[in-house]
Amino acid sequence: MTAAGPSVFLLMVNGQVESAQFPEYDDLYCKYCFVYGQDWAPTAGLEEGISQITSKSQDVRRALVWNFPIDVTFKSTNPYGWPQIVLSVYGPDVFGNDVVRGYGAVHVPFSPGRHKRTIPMFVPESTSKLQKFTSWFMGRRPEYTDPKVVAQGEGREVVLTLS
């Protein structure tokens, strides 16, 4: 009898970051990366990428259209740590510096087939008035050094102390 090794399964992800709605901004680009558990490993394709800069469409939607392709394959021995895609959108501020315009994350769909996901985006806020003033004065908004933190639960606890 031969000893069988651990059985694995494959997850193929192919699709695109189609478009975005940022009514107050123009000339934006998108970055993506995947966050996954320790039993997961990419076997083919790119697990991160950066799109071209796009301008708002001329139709009534005024959408920012990237049609940015994604194609990656993962393998794993169990579903714990199912992959999530993290999107970061950047664009120029009034000084021409690239600043973050939004972060968002969503799990890769669990079932096979065609899926369309709308990802809510957010930007981090300064925690104090001094930090808000400093970031406004310096022209640097708060942003994550590692955007993968968006898909992780650690550090999200909120402790309220009432006097």
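Residues numbered from 1 in each chain as written. Predicted model: local features only at pLDDT ≥ 70, side-chain atom pairs only at ≥ 80, totals over all residues. Heavy atoms only, no water.

So, the sheet that holds strand S2 (residues 29-35): which residues are in play, and what are the values?
Read across the sheet, four strands follow the order S4-S2-S6-S7 without closing on themselves; strand pairing throughout is antiparallel. Looking at which strands have only one partner, the edges of the open sheet turn out to be strand S4 (48-50) and strand S7 (98-107). Between one strand axis and the next, the sheet turns by 15 degrees as a mean value, whatever way the strands run. (Pairing = 2+ DSSP bridges. Helix = DSSP H or I, 4+ residues; strand = E, 2+ residues; numbered from the N terminus. Axes fitted to C-alpha atoms, helices over the stretch in contact; angles between N-to-C directions.)

Now, about the sheet that holds strand S1 (residues 9-20): what can you tell me, with residues and values included?
Ordered by their spatial adjacency, three strands build an open sheet running S1-S5-S3, and the pairing between neighbours is antiparallel. The sheet is open, and its two borders are formed by S1 and strand S3 (41-45), each paired with just one other strand. For this sheet, the mean inter-axis angle between neighbouring strands, taken without regard to orientation, is 30 degrees. As paired elements, S1 and strand S5 (residues 64-76) share eleven bridges and run antiparallel to each other. Its bridge partner being in S5, Ala20 is matched across the sheet by Leu64.

Outline a nonpolar patch on the surface, supporting the account with residue identities and numerical values.
A surface patch of nonpolar side chains, amounting to about 560 Å² of accessible area, comprises Phe133, Trp136, Phe137 and Met138. For Phe137, the location among the structural elements is in helix H1 (residues 129-138). For Phe137, a relative accessible area of 57% corresponds to the exposed category. (Patch = residues over 30% accessible without salt bridge, like charges linked within 9 Å, V, L, I, M, F, W, Y side chains within 5 Å. Areas by Shrake-Rupley, 256 points an atom, 1.4 Å probe, with all protein chains shown as cover. Salt bridge = Lys/Arg side-chain N within 4 Å of Asp/Glu carboxyl O. Buried < 20%, exposed > 50% of the residue type's maximum accessible area, 1.4 Å probe, protein only.)

So what's going on with the packing of aromatic side chains? Which residues, and what values?
Tallied over the entire structure, the rule returns twelve aromatic pairs. Residues Tyr103 and Tyr144 carry aromatic rings whose centres are separated by 4.9 Å and whose planes lie at 50 degrees to one another, so their mutual orientation is tilted. Pair noted here: Tyr103 is in strand S7 and Tyr144 is in the segment after H1, with a separation of 41 residues, a long-range link. Chaining the aromatic ring pairs together yields one cluster made of Phe9, Tyr32, Phe34, Tyr36, Trp40, Phe68, Phe74, Trp82 and Phe110. The residue whose ring lies beneath Lys31 is Tyr90, and the NZ or CZ to ring-centre distance is 5.0 Å. (Phe/Tyr/Trp six-rings, centres within 6.5 Å; stacked < 30°, edge-to-face > 60°. Lys NZ or Arg CZ within 6 Å of the ring centre and 35° of its normal.)

Quick one: what's the story with the pairing of S5, residue by residue and with numbers?
By the bridge criterion, four bridges tie S3 to S5 in an arrangement that is antiparallel. Pairing of Ala41 across the sheet is with Lys75, part of S5.

Give me the lowdown on the side chain of Thr54, citing residues and values where you can.
Checked against the element boundaries, Thr54 lands in the loop between S4 and S5. In this structure Thr54 touches Asp26, Asp27, Leu28, Leu64, Val65 and Trp66, once residues within four positions along its chain are discounted. (Contact = heavy atoms within 4.5 Å.)

I'd love a proper account of the nonpolar core, names of residues and values included.
Judged by nonpolar contacts, the single largest core of 23 residues is most densely connected at Phe34 and Trp66. At the level of secondary structure, the elements contributing two or more residues to this core comprise S1, S2, S5 and strand S6 (84-92). Ranked by residue count, the leading element in this core is S5, at six residues. Apart from the residues within four sequence positions on either side, Phe34 is in contact with Val13, Leu46, Glu47, Ile70, Val72, Phe74, Pro83, Gln84, Ile85, Val108 and Lys148. Membership of the second largest hydrophobic core comes to nine residues, among which are Val86, Tyr90, Val100 and Ala151. (Core = buried A, V, L, I, M, F, W, Y, C linked by side-chain atoms within 4.5 Å.)

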